[in-house]
Each structure stands twice: as C-alpha cells, then as structure tokens.
Amino acid sequence: MATTTTTVPSAGPIAGSRSFLSRLRDGDEIARLVTFIFAGTVVIITVLLVYEFWRESYLPRHKFGFAFFVTSVWDPIFDKFGALPFIYGTVVTAGIALLLAVPLGIGAAIFLAELAPARVSDTLQFFIDLLAAVPSVIYGLLGVFIVIPVMRQYIQPALKSSLGFLPFFQGPAYGVGFLTAGIVLAIMVIPYIISVSREVLISVPRDQREAALALGSTRWESTWKVVLPFARTGIMGSIFLALARALGETMAVTMVIGNTPTISASLFSPGYSIAAVIANEFTEATGDLYLQSLIELGLVLFLLTFLLNGMARLLIVVTSQRGSEMGQA
Amino acid sequence: MSSRLRWRKLVSHFMLTMTGLCALVAVSVLFFILGYLVYHGGTSISWNFFTKLPAPVGETGGGMANAIVGSAKLLLLACLLGVPIGFFGAIYLAEFSGGTVAFVVRYAADLLNGVPSIVIGIFAYSLVVLPFKHFSTAAGGFALGLMMIPITLRSTEEFLRAVPRALREGAMALGASQWKTIATVVVPAAYRGILTAILLAFARVAGETAPLLFTALGNRFWSPGWAQPTASLPVMIFTYAIAPYDDWHRQAWAAGLVLLALILIVNIIARMILSRGTTVPRT
C-alpha cells in the first residue's frame, strides 16, 4: 500500500543560495519549470474532474433538488429519477462487507504484527499484497460462478431455516442480492484492512507491550487492552479506507447484486448500487436528464469516497505520528 | 496456578489461535482464486484463444486476439500519459518544491487516487468521448492513464525522498547543477523504486474494467487505429461472464487466467526488483 505510507522527512529540496541567474544558466530553473508543469497537470485534472461533474449534473440538481436522494422511482420513460434504491443498495452492501471484513481483517493483522515471526509475517503480507492486486472483474467472475450457486443452494437455505424469523433472512433464495454482493465485497476489502492495520500495529512502540506484559498480563490481554487501544485511530482509518473502496466498487457488485432497484429489509432480495447502475445504464441513457442523473449519482459517489478517504488518511497519519513520537521519547 | 489465571491463559491462547485462523483464511482466498482460475481457465485456454477473433454470437470457438491487442494498446496509451506526469511531477515534489504547492499537488493526487474507477470513466467520457462523439481506444487509454498518475506520482516521490541528502550534497559540492544532480545521482539511486512504482501502477490499471465500459466500449472485431471502439480483456471477461452461453463462460475463465497471470507476474517482478538489495547505500 504505497499510497498510505508516510513521507520520509530527511531529504528535501536543496535550493542552495545561488542567485537566480546562475541557476537559470545551469538549467535549474528550466528543469524546475518543466517538472512544475507536470505536477500542475495533476491539480488541473483534479479540479477539472470536480468541475465537470458539477456542470454535467446541472439538470437533475435543478429539477429534483434534494428529492433526488429520497425518492425511489427510477423511470427513464417518464423522466422520473430518484436515487434512494441505489443509495440504499450501496450502503447496505458496504455495511455487510465491513461487518464481515473488519473482524477477520483485524484478526489477521494482529497475527501478522504481534505473533508471527518477521519472516512469516513478511511472506504472508506478500500474499496479501498479491490478493489486493487481483482485479475486481476476477472477483466478479468467481462471484458469478462460485459464490452465487453456493449462496443459493447452501448458505441462504441454511440461514433461512436457522435465522428465518429475522426480517433480514426471508424471501426466496435467488443467489444474487445484497448479501452475496456484501460477501464478495468483504473478500475484496480484507487485504486493505490487513495491510494498513498491520502497519499501524507495527508502529505501536515496543515498550507499550513490554509494560503490559511486565504487569502480568497475558499476551492477548496486552494486545487487546494496550496495543489495540493505542492503534485504535489508525485501525479506524483502515476501516474508512475499506469503506471507501467498498462504496466505489463497480464490477464485482454489478455482477452479483441482481441489478433490480429495490429497497427491502431482506438481504436475499436482489438490489442495485450506485456504481452498478452507472455501469449498466450509462451507455444506454437516452436524453440529457437521464444521463445527467447518472452523472449526479457519480458525483454522490465521488463526494462520499472523498470524505471517507480524507478521514482515513488523517486518522492513519495521527496514529503513526503518535507512535513515532512515543518511540523517540 | 489459580483457576483465574488458567482461564486468562486459556482465553489468550484461544484468541491468538483465532487471529492465526483469520490470517490463514485471508491468505487461502488467494490460493483458492489462483487454483480455481488455473483449473477452469487452464482447461479452456487454447492456441485459438490467442490468435482468433471472437466467433459470431451462438457459434462456439473463436478467441480473444482482438481483446489482447486492444488491452495492449490501451495500456500503452495509459503509460504514455501516466508515467511522464507521475515521474516528472514526483521530481518536482521531491526536489524542487517547498510548502504550499507541494501540499496542493499531493492533496490533488491523493484525491484522484481515491476516486472510484467508474467515476474516472464518466470523466473520460465527458472529456474525450463527448467532444469526438465516438467511443475510442484513445478515450480508454486516457481513462487508464488518469488512474496511473497518482499511483506513480506518490510512490515515485517516496522513493526519491528516501535517497539520502548527503548524496545530493556530494554531487552539488562537486559543482553539479541541481538538475544534473537529479538526473545523474538522485534518479539513478532510486531507479529500482521508481521502476517498481511504475510496474505496480501498470498492474493496477491492467485489470480495470469500469473506466473502459463507456470509453473503449467493446468490439467484436479488430480495432484499427486509435479512434475506434476496442475490445479489452477485462471488459470481455465481464460481458462473457454475464452472458448465457456456456462457451462464452469457458472463454471468460481463459481470459481471467491470462489477465490474472499478467497482473500477478508484473506484481511479483516489481517486488523482486525492489527487494534485491537496498536501493540506496545506508549512511
């Protein structure tokens, strides 16, 4: 996870005290300008992205206003667009994914950071990194041909007979639906939770553990009552990161969620998510209002992931800084 | 031993074993995916897969030659866009810039990195497809290139920053100008890391499907030039997997195996390059 590592502060620009003219003659100012243009491109692209989404979603923002988010009719023929089923599907599937992935991911991270010898930990982390590199369409492929049949034949009937009194586990077992999408998403975000949580756990100063052990706590007690609370904010960061991934995930969800705009308490019911509806309907959208409604959905997705990523980064940085400060003290 | 202590030790052992199980489950998912793809894809892959065009709908046989070439073209364009901006941008961040500008650039890159790939697809659609009124290889390559920029930029910057300051000062003390120091000392010292960063970014976008759906679209035939819609492996996997034909499912598995093999091999090479000796002498 190269993107979340903190920067090494030691090296930095050496501007030197030479005059502007001599720097110009040496070509330094030209090099600076050229690289500046490339760096500036990144900013321009990002600003342009935000601007384009804002501009291209003018019609639905103007016509529906806030009702866009709270109405559930999606009818391109009569130009009625309400995003509620998609928002519901996105939130529910991401929620299921986190419910499953967080305990498993943090458990695995604890094993890698606290228990496993360095070599074992590094080897396992290597496999986890490879797992994170598997593209989402492959997860979708396995979802279609393995997870859906297994859900339909075994897991959904089993859940129904054991927990069927709950509203979540009722209705016919299609195989596709919120639960299946949530499970596939969980498998996809586990590597992110593991990688980041492991980093954060490793950055917890050693004396914290030693102090706990010296006071007579067992290994688990030192982990649970000392190390985890110390790393709490960073682990929250990894969860936000995973949530952002889960919300924006497109292909795997599109392939297993059933693509039916429904709001249902039953997790067996087929649903739809924001990313999936964009993927399915964007090329077929006729009329500006239809297309722009889809773009507004994209804008919603963008803003959600923007907020979550920002919070995640802040939390991770705060924890690792606290760790290094304590380590130096 | 008091029973209280025995209980605490029991809990400790139990919970630690559980964490080990979690790690085992997480890692075994990788081997399950690999095994399943090799099993299903391996039996469906054939020479035709690499050399033939897709068969007409309803007929069996055919291959994905056009999608393989299409993916290669898309990735070439992506690299042409993503690598220079990422690389030179990183040099600016690590070597030339101080406070505010660097902060803004980094912030923008992180923002771009977090954007869901489908959103990048819409952006490329409105920026490239709409003005030219045509789905095209160029638009798909543009979308993938956008995704490469922040990954390359941020990790290249990390590796440049890891080069010890003493090396730069040494070069400048010998009278080299700053850009010469960068070109002949700093970048060569960090080249393994930079190569790794680029390869990882490449592997990341090689499997992206969502940004291609409404930029490169898809094509059942060869796509000449850069202005035509083109097939690509990830999109083919998607279309074939959700289609109702058994023969298409078979080919989706084969395509999945090829794509995953490519991505994992590039990943492993990238990590090997990085781990073979430290990039810079420790001072």
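Residues numbered from 1 in each chain as written. Chains lettered and ligands numbered in written order. Predicted model: local features only at pLDDT ≥ 70, side-chain atom pairs only at ≥ 80, totals over all residues.

K.L.:
So what exactly am I meant to see when it comes to the overall build of chain B here?
P.N.:
Counting its secondary structure elements, chain B contains 12 helices and zero strands. Reading the secondary structure of chain B in the N-to-C direction produces α-α-α-α-α-α-α-α-α-α-α-α. Expected size for 283 residues packed as a compact globule is a radius of gyration near 19 Å; at 24 Å, chain B overshoots this value by more than 25%. Overall, the C-alpha framework of chain B stretches about 70 × 70 × 35 Å when taken along its three principal axes. Per-residue burial for chain B yields a buried fraction of 52% across its 283 residues. Counted over contacts in chain B with a minimum sequence separation of 6, partners at least 24 positions apart contribute 74%. (Helix = DSSP H or I, 4+ residues; strand = E, 2+ residues; numbered from the N terminus. Rg over C-alpha atoms; globule rule 2.2 N^0.38 Å. Buried ≥ 20, exposed ≤ 12 C-beta atoms within 10 Å, placed from the backbone. Contact = placed C-beta atoms within 7 Å.)

K.L.:
Please explain the overall build of chain A as it appears in this structure.
P.N.:
Broken down by element type, chain A carries 14 helices and two strands. Principal axes of the C-alpha set define a box for chain A whose edges measure 70 × 65 × 35 Å. Taking all 329 residues of chain A together, the buried fraction comes to 50%. A separation of at least 24 residues holds for 78% of the contacts in chain A among residues at least 6 apart in sequence.

K.L.:
Would you mind showing me how to read the nonpolar core here?
P.N.:
Here is a general trend for soluble globular proteins: nonpolar side chains tend to be buried in one another's company. If you look at the biggest cluster of nonpolar residues, it comprises 199 residues, and the most contacted ones within it are Leu185(A), Val189(A), Ile193(A), Val256(A) and Ile237(B). Each residue touching Val256(A), except ones within four places of it in the same chain, is listed here: Gly140(A), Gly143(A), Val144(A), Val147(A), Ile148(A), Val176(A), Thr180(A), Ala181(A) and Val184(A). (Core = buried A, V, L, I, M, F, W, Y, C linked by C-beta atoms within 7 Å.)

K.L.:
What exactly am I supposed to notice about the confidence of the model for chain B here?
P.N.:
Detail in the predicted coordinates should be disregarded across regions flagged by low pLDDT. All names here are of chain B. When pLDDT is averaged along chain B, the result is 91; 97% of the residues meet or exceed 70. Ignoring residues within four places in sequence, the model shows residues 278-283, a span with pLDDT below 50, making 12 contacts including any to other chains. With pTM at 0.91, the complex prediction returns an ipTM value of 0.92. (pLDDT = per-residue confidence, 0-100.)

K.L.:
Mind showing me how you'd approach the packing of helix 10 (residues 219-230) of chain A against helix 1 (residues 3-44) of chain B here?
P.N.:
Between two packed helices, what matters for the description is the angle formed by their axes and the separation of those axes. At a minimum axis separation of 7 Å, helix 10 of chain A and helix 1 of chain B run at an interaxial angle of 70 degrees. When the axis of helix 10 of chain A is compared with that of helix 1 of chain B, the two are roughly perpendicular. Contacts between helix 10 of chain A and helix 1 of chain B involve Arg219(A), Trp220(A) and Glu221(A) from the former and Arg8(B), Val11(B), Ser12(B), Met15(B) and Leu16(B) from the latter. Residues of the contact of helix 10 of chain A with helix 1 of chain B, tallied by class, amount to four nonpolar, one polar and three charged. (Axes fitted to C-alpha atoms, helices over the stretch in contact; angles between N-to-C directions. Parallel < 35°, antiparallel > 145°, perpendicular 65-115°, else oblique. Nonpolar A, V, L, I, M, F, W, Y, C, P; charged D, E, K, R; others polar.)

K.L.:
How should I be thinking about the interface of chain B and chain A in this particular structure?
P.N.:
Accessible area lost upon the coming together of the parts is a frequently used measure of interface size. Of the residues lining the interface, 87 residues belong to chain B; the matching set on chain A comes to 76 residues. The element contributing the most residues to the side of chain B that touches chain A is helix 1 of chain B, with 18 residues. A breakdown of the residues in the side of chain B that touches chain A according to their chemical character gives 58 nonpolar, 17 polar and 12 charged.

K.L.:
Where do I start with the confidence of the model for chain A in this structure?
P.N.:
Summary statistics for chain A give a mean pLDDT of 88 and a share of 93% for residues scoring 70 or more. Here residues 1-12 of chain A is a poorly scored stretch, pLDDT under 50, and it has 24 contacts once near neighbours within four places are set aside; other chains count.

K.L.:
Help me understand the packing of helix 6 (residues 118-133) of chain A against helix 1 of chain B in this model?
P.N.:
Between helix 6 of chain A and helix 1 of chain B, whose axes approach to 9 Å, the crossing angle comes to 50 degrees. Judged on the interaxial angle alone, helix 1 of chain B and helix 6 of chain A are oblique. For helix 6 of chain A against helix 1 of chain B, the interelement crossing comes out left-handed. Residues Leu124(A), Phe127(A), Ile128(A), Leu130(A) and Leu131(A) of helix 6 of chain A pack against Ala23(B), Ala26(B), Val27(B), Val29(B) and Leu30(B) of helix 1 of chain B. (Left-handed = near helix turned anticlockwise from the far one by under 90°.)

K.L.:
Could you clarify how one ought to interpret unusual backbone geometry in this entry?
P.N.:
Negative phi values dominate among residues other than glycine, just as trans dominates among peptide bonds. The phi dihedral of Asn259(A) is positive, around 50 degrees, even though this residue is not glycine. Tracing the backbone shows Asn259(A) in the loop between helix 12 (251-256) and helix 13 (274-281). Using a count of 20 C-beta atoms within 10 Å as the deciding quantity, one classes Asn259(A) as buried. Its identity as a non-glycine residue notwithstanding, Leu217(B) has a phi of 60 degrees, on the positive side. Overall, the presence of 22 C-beta atoms within 10 Å leaves Leu217(B) in the buried class.

K.L.:
Mind showing me how you'd approach the environment of Val256(A) here?
P.N.:
Checked against the element boundaries, Val256(A) lands in helix 12. Residues Val256(A) and Val196(A), spaced 60 residues apart in sequence, show a C-alpha to C-alpha distance of 27 Å.

K.L.:
What is the right way to read the environment of Ala78(B) from this model?
P.N.:
Residues and elements named next belong to chain B. Relative to the assigned elements, Ala-78 resides in helix 3 (residues 65-96). Residue Ala-78 is classed as buried on the basis of its 26 C-beta neighbours within 10 Å. Distance from Ala-78 to Phe-214, taken between C-alpha atoms, is 16 Å for residues 136 residues apart in sequence. Setting aside residues up to four positions removed in sequence, Ala-78 forms contacts with Gly-141, Leu-144, Gly-145, Met-148 and Val-205.

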